[in-house]
Amino acid sequence: MTNLGSPKICWLPLLLISALPAGAGEFTVAEQTVANMKAIFGQAESREIAPARTRIGGTIVKRFVDEGAQVKAGDVIAVVADQKLALQAQSLDGQISALISQVDNANVALQRAEDLLKKGFATKAAYDQAKTNADVLAHQLESMKAQRAVIAQQTREGEVLAPKDGRLLTIGVVPGAVVQPGEPIARVASGALYLRLSLPERHAPLLQLGAPVTVAPRVAGGPSREGKIVRIYPELDNGRVVADAEVENIDNYFVGERVRIYAPVGERKAMIVPRDAVTTRSGVDYVKLARAEGPLDVAVVFTDTADPEKIEILSGLKAGDRIVTP
């Protein structure tokens, strides 16, 4: 009987051979000069914040708008009433009524004197006296009506008007509150919003007018916004340089809202490669390095750039390396 014995198992090494995919190309890594973007916080500000002031003193009797409302120039925000003006108006109305009666009587007397003078039954002096009396009373009536118009204008000035088109930031009164002439009761943010930047003074020589800035999304997954620096203030504030940036589509931001901004402060060298040259396996990012003896996968660390189709290599490659791209 032949003993075949136990079968022998041979363990052969598994070789992974990396080959270039069909249609693959090469990209030579080179250092490029790019803007050195610094992450800072900017604050949304309004070009103009105009106070809405009272023109007369008195008591707030009605408020028409609340914080956050959009107003137009001339819209009534609140109404101030002064009871003394109403009493003065009543007094003047009574005096005007009395003067109207006196003027009517003076005109009748003047007409009678004129008729008697024509018939020879009155002297010229009596006619002149009647005419003077009628003229004096007529002028008194005009003066009294002018005073009544002043009171009416003061009453209309009790309306607190919006000084400009914009958004109402604050309104600090409620019905029943007593206010003084010229007291601000509301603040209106007028004009487009901009972002106020504040950077350490060491960056002052590196800032340039017209330099592009990027505003980070307000919420995760939201869109970023692009803008540019439009003003650099010549005076440092507590060791910081202040600049303004104009950014589109931020009118819905809150005034005073702080947002993250990437602003250019000088230049630096960077290695930019196509994003599709990177593959990820087991949480590690690789690029395929082209060599004479065959391609080699090299682990790299990268970060995003403003161009979604390109990335910046932080480590793993050096200038002059040739990488395989699809």
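Below, the structure is looked at part by part. This structure is a prediction, so every number in the text was calculated from the model and none was measured.

## Some thoughts on the overall build of the chain
Across its full length, the chain holds two helices and 19 strands. A principal-axis box enclosing the C-alpha atoms of the chain has dimensions of 175 × 55 × 40 Å. A burial count over the chain gives 31% of its 326 residues as buried. Pairs at least 24 apart in sequence give 72% of the contacts found in the chain among residues at least 6 apart. Roughly 20,400 Å² of accessible area belongs to the chain as shown, and the carbon and sulfur atoms make up 54% of that amount. With 38 positive and 38 negative side-chain charges, the chain shows a separation of 2 Å between the mean positions of the two kinds.

## Points about the packing of aromatic side chains
Given two aromatic rings, their pairing is described by the distance between the two centres and the angle made by the two planes. Following the criterion strictly, the structure yields zero aromatic pairs and no others. One Lys or Arg, Arg218, reaches over the ring of Tyr253 and ends 4.2 Å from the middle of that ring. Residue placement shows Arg281 over the ring face of Tyr286; its charged tip is 4.3 Å from the ring centre.

## Concerning the pairing of strand 12 (residues 240-247)
Of all eight residues that make up strand 12, six are buried, and the element is covered over most of its length. Looking at chain direction, strand 9 (residues 184-200) and strand 12 are connected through six bridges and run antiparallel. Looking at strand 12, one finds that Leu197 is bridged to Ala243. As paired strands, strand 11 (residues 225-232) and strand 12 are joined by five bridges and run antiparallel to one another. Bridging across to strand 12, Ile229 finds its partner in Ala245.

## Observations regarding the sheet that holds strand 5 (residues 76-81)
Pairing is antiparallel in the open sheet, where four strands are placed in the order 6-5-3-8. Unpaired on one side and paired on the other, strand 6 (159-161) and strand 8 (178-179) mark the two borders of the sheet.

## Thoughts on helix 1 (residues 83-119)
The first and last C-alpha atoms of helix 1 sit 55 Å apart over 37 residues, in line with the 54 Å expected at 1.5 Å per residue. Looking only at helix 1, the buried set comprises Leu85, Ala89, Leu92, Ile96, Leu99, Val103, Ala106, Leu110 and Ala113. Looking at the buried residues of helix 1, the elements they touch are helix 2 (124-156).

## Some details on the packing of helix 1 against helix 2
Close contact between helix 1 and helix 2 brings their axes to 8 Å; oriented N to C, the two are set at 160°. On the basis of their axis angle, the class for helix 1 and helix 2 is roughly antiparallel. Regarding helix 1 and helix 2, the two cross each other, and that crossing is left-handed. Partitioning the contact of helix 1 with helix 2 into residue classes produces 21 nonpolar, nine polar and six charged.

## What to know about the nonpolar core
For soluble globular proteins, the rule of thumb is that nonpolar side chains tend to be buried together. Ranked by size, the top nonpolar core spans 33 residues in total, and within it Ile77, Leu168, Ile185 and Ala186 carry the most contacts. Of all the secondary-structure elements, those providing two or more residues to this core are strand 5, helix 1, helix 2, strand 7 (166-171) and strand 9. Top element by residues in this core is helix 1. It accounts for nine residues. Contacts of Leu168, omitting those with residues within four sequence positions, involve Val65, Asp66, Glu67, Gly68, Ala69, Ile77, Ala186, Arg187 and Val188.

## A look at the pattern of salt bridges
Within this structure, the stated rule accounts for 18 salt bridges. A salt bridge links Asp244 to Arg196; its shortest N-O distance comes to 2.5 Å. Of this pair, Asp244 sits in strand 12 while Arg196 sits in strand 9, and the two are 48 residues apart along the sequence. Here Asp244 falls in the buried class, since its relative accessible area comes to 0%. If you follow the salt bridges from partner to partner, you end up with Arg47, Arg196, Asp244 and Glu246 in one network.

## Here's the deal with helix 2
Along its 33 residues, helix 2 runs 48 Å from first to last C-alpha, staying within 8% of the 48 Å computed at 1.5 Å per residue. Inspection of helix 2 places Tyr127, Ala130, Ala134, Leu137, Leu141, Met144 and Ile151 among the buried residues, and these make up the whole buried set. Packed against the buried residues of helix 2 are helix 1.

Thresholds applied
- Sequence order as written defines residue numbering, which begins from 1 separately in each chain.
- pLDDT decides what is reported in this predicted model: residues at 70 or higher carry local features, side-chain atom pairs at 80 or more are listed and counted, and totals for whole chains, interfaces and linings draw on all residues regardless.
- Side-chain figures throughout are based on the complete set of non-hydrogen atoms in the structure, without hydrogens or water.
- A run of H or I in DSSP becomes a helix once it reaches four residues, and a run of E becomes a strand once it reaches two; helices and strands are each numbered from the N terminus.
- Categorising residues by exposure relies on relative accessible area from a 1.4 Å probe, with only protein chains included: less than 20% of the type maximum marks a residue as buried, more than 50% marks it as exposed, and the intermediate range marks it as partly exposed.
- The contact definition used throughout considers only heavy atoms, calling two residues in contact when any of these lie within 4.5 Å.
- Computed with a 1.4 Å probe, the accessible areas rest on the Shrake-Rupley method; for each residue, only the protein chains presented here act as cover.
- Only four residue types enter the charge count, namely Lys and Arg as positive and Asp and Glu as negative; His and the chain termini do not.
- A single reference atom marks each charge: NZ on Lys, CZ on Arg, CG on Asp, CD on Glu.
- Side-chain rings of Phe, Tyr and Trp, where Trp is taken by its six-membered ring, are said to pair if the distance between their centres is within 6.5 Å; with planes under 30 degrees apart they count as stacked, over 60 as edge-to-face, and otherwise as tilted.
- Lysine NZ or arginine CZ positioned within 6 Å of the ring centre and within 35 degrees of the ring normal marks a charge as sitting over the ring.
- For two strands to be treated as a pair, DSSP must find at least two bridges joining them.
- Residue count minus one, scaled by 1.5 Å, sets the expected span of a helix.
- Fitted lines through C-alpha atoms give the axes, limited to the stretch in contact for helices. The angle between two N-to-C directions lies from 0 to 180 degrees.
- Should an angle fall under 35 degrees it is called roughly parallel, over 145 degrees roughly antiparallel, and 65 to 115 degrees roughly perpendicular, with every other angle called oblique.
- Crossing chirality is assigned from the near helix's rotation relative to the far helix, an anticlockwise turn below a right angle marking it left-handed and a clockwise turn marking it right-handed.
- Throughout this entry, Asp, Glu, Lys and Arg are counted as charged residues, while Ala, Val, Leu, Ile, Met, Phe, Trp, Tyr, Cys and Pro are counted as nonpolar. The remaining residues, Gly among them, count as polar.
- Here, nonpolar core means buried Ala, Val, Leu, Ile, Met, Phe, Trp, Tyr and Cys residues that are tied together by side-chain atoms lying within 4.5 Å of each other.
- In what follows, salt bridge is the name for a side-chain nitrogen of Lys or Arg lying within 4 Å of a carboxyl oxygen of Asp or Glu.

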